[in-house]
Amino acid sequence: MKRIVAGTLALVVLMLMPMTAYAYTRQAKEPADEGKSIAELNGVTQEHWASLCDDKLEYGEIKELVHFFNPNLDSGWNQIDDTARDMKNSVNLLLDAKKKTNETYDDSVKQIRNLPIPEEQKEAMIAQLAPLKIMAESVGTVAHQYNENYKKLMSKSAMTRGLYTAEDSLTYAVQSIMNAYLTVHANVEMLSQLVTLNREAVNTYTEMQKQGMATAVDVLTARADLVSAQSNLAKLLATDRQLYNQLITMCGWNAGDEVEIGSIPVPDRARVDAMNLETDSETAANSNAEIKTLRSSDHAGTSATQDVYLLRMEELTGYVKANMLTYYANVQAAQQGYDAACTGLEAARINKRAADIQRDKGLAGKAQYLGATVQYKQKLAAYTSAVNAYEQAIIDYENAIRGNVAAN
């Protein structure tokens, strides 16, 4: 169960927040609150509170988990630097994930090239690795956004924007980390299958060598590929665990706790349909900290001063609108990517069912069947990545509307 911070911390937070707004409430503070449960004191039902306190992290619960349980919100948000450190660590972790994903792609292509299967099947398998490259770029984009948020969070204006602005930033960060974790985790499962396939390749080449159909070099190469695949899997598993621990600790658990991580639901297209680029860009500009600072500056005086102010305002607003256009285009591209992934996954399911039938009838060898299984896992990983990328693009856009968009 999620850790509840007791005593002094609860009192500090409660001094700064409404009684019903924080989960660190341990006891009633007013006579009228005597006998009320923690759920009642926090304005939720017992059933809802129980769902927040179980050991399952659902994507739709993140905002409340951050609000109620995030350990960086203690001392009345005076510890903003804790949040900044988390975000900076996220930047480094995601950049590392991007690097490892690219390495995994390159090594996986090399391993597939050396498999004892037809060239056509090799090319098909390599084509299915494309989501890894896409994921690497997506993770890099998220890391860049984190870094921009980190810079803003460290500025004086960011530190005075208030409690709920910081909470929104944390919520966005946790959502993005969950996106990254689930994408990496899906590829861990796919790489696990690839390791199995490489192990089978070693056995196949060993048998072929005995029959004079393969050389010792073939066997050694297959073994090297297996070791490489195992190494890549180990690296990705390390990233998987790091992201997992960061995700759960930012939602109030302790690192290493066993928490069931739910999936990210397919985004509701109504969220995309509701986007209005022109209106949303105006909202983003009006909410942008740099633009707000400029507006509050003393620009009265000569006409020349006014001209400089107007030119600078036009420049900053233009940057915001241009970046909003990029975010909007990313949403459209992610939507198309999701549609394509759905088609690919359905085709993979059909092929997997055919492979199951062939295996059951003894018409497919073990290596051939494992190859078909890996292809299915790749498509499944691609689908998961597409869903996550779709949701990430939408929350990037929604986050930008709140003013978290660069004015340069």
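Residues numbered from 1 in each chain as written. Predicted model: local features only at pLDDT ≥ 70, side-chain atom pairs only at ≥ 80, totals over all residues. Heavy atoms only, no water.

Of all hydrophobic cores here, the largest spans 71 residues; its most connected members are Leu57, Met178 and Ile261. Counting only elements with at least two residues in this core, the list comes to α3 (46-52), α4 (62-69), α5 (80-113), α6 (119-127), α7 (130-154), α9 (163-210), α10 (216-249) and α15 (366-401). With 20 residues, α9 is the largest single contributor of residues to this core. Setting aside anything within four residues of it in sequence, one finds Met178 in contact with Leu57, Glu58, Tyr59, Ile62, Leu247, Ile261, Gly262, Ser263 and Ile264. (Core = buried A, V, L, I, M, F, W, Y, C linked by side-chain atoms within 4.5 Å. Buried < 20%, exposed > 50% of the residue type's maximum accessible area, 1.4 Å probe, protein only. Helix = DSSP H or I, 4+ residues; strand = E, 2+ residues; numbered from the N terminus. Contact = heavy atoms within 4.5 Å.)

Attention shifts here to the packing of aromatic side chains. Evaluated as defined, the whole model comprises seven aromatic pairs. Ring geometry for Tyr181 and Tyr244: centres 6.0 Å apart, planes at 50°, overall tilted. One end of the pair, Tyr181, is in helix α9; the other, Tyr244, is in helix α10, and 63 residues separate them in sequence. Across the pair, Tyr244 and Tyr181 agree in class, each one buried. Connected via pairs of aromatic rings, a cluster forms that spans Trp49, Phe68 and Phe69. (Phe/Tyr/Trp six-rings, centres within 6.5 Å; stacked < 30°, edge-to-face > 60°.)

Another aspect to go through is the environment of Asp107. Considering the arrangement of structural elements, one finds Asp107 in helix α5. Along the primary structure Asp107 and Asn232 are separated by 125 residues, whereas in three dimensions their C-alpha atoms are 8.0 Å apart. Among all residues touching Asp107, those that are not within four sequence positions of it are Ser228 and Asn232.

The topology assignment puts Gln111 in helix α5. With a relative accessible area of 1%, Gln111 lands in the buried category. Among the polar contacts listed, one links the side chain of Gln111 to the side chain of Asn198, at a separation of 3.1 Å. Gln111 has contacts with Leu194, Asn198, Asp225, Ser228, Ala229 and Asn232, leaving out every residue within four places of it along the chain. (Polar contact = N/O pair within 3.5 Å; in protein donor to acceptor, adjacent residues only side chain to side chain.)

Following the criterion strictly, the structure yields 16 salt bridges and no others. With a shortest N-O distance of 2.9 Å, Asp168 and Lys63 are connected by a salt bridge. Here Lys63 lies in helix α4 and Asp168 lies in helix α9, a separation of 105 residues in the sequence. Under the relative-accessibility criterion, Lys63 is labelled partly exposed at 41%. Two residues, Glu315 and Arg312, come together in a salt bridge whose shortest N-O distance is 2.6 Å. Here Glu315 and its partner Arg312 are both found in helix α14 (residues 303-360), three residues apart, which amounts to about one turn of the helix. Residue class for Glu315 comes out partly exposed when judged on its relative accessible area of 35%. By relative accessible area, which is 32% here, Arg312 ends up partly exposed. In the salt-bridge network here, residues are joined through shared partners; they are Lys56, Glu58 and Glu260. (Salt bridge = Lys/Arg side-chain N within 4 Å of Asp/Glu carboxyl O.)

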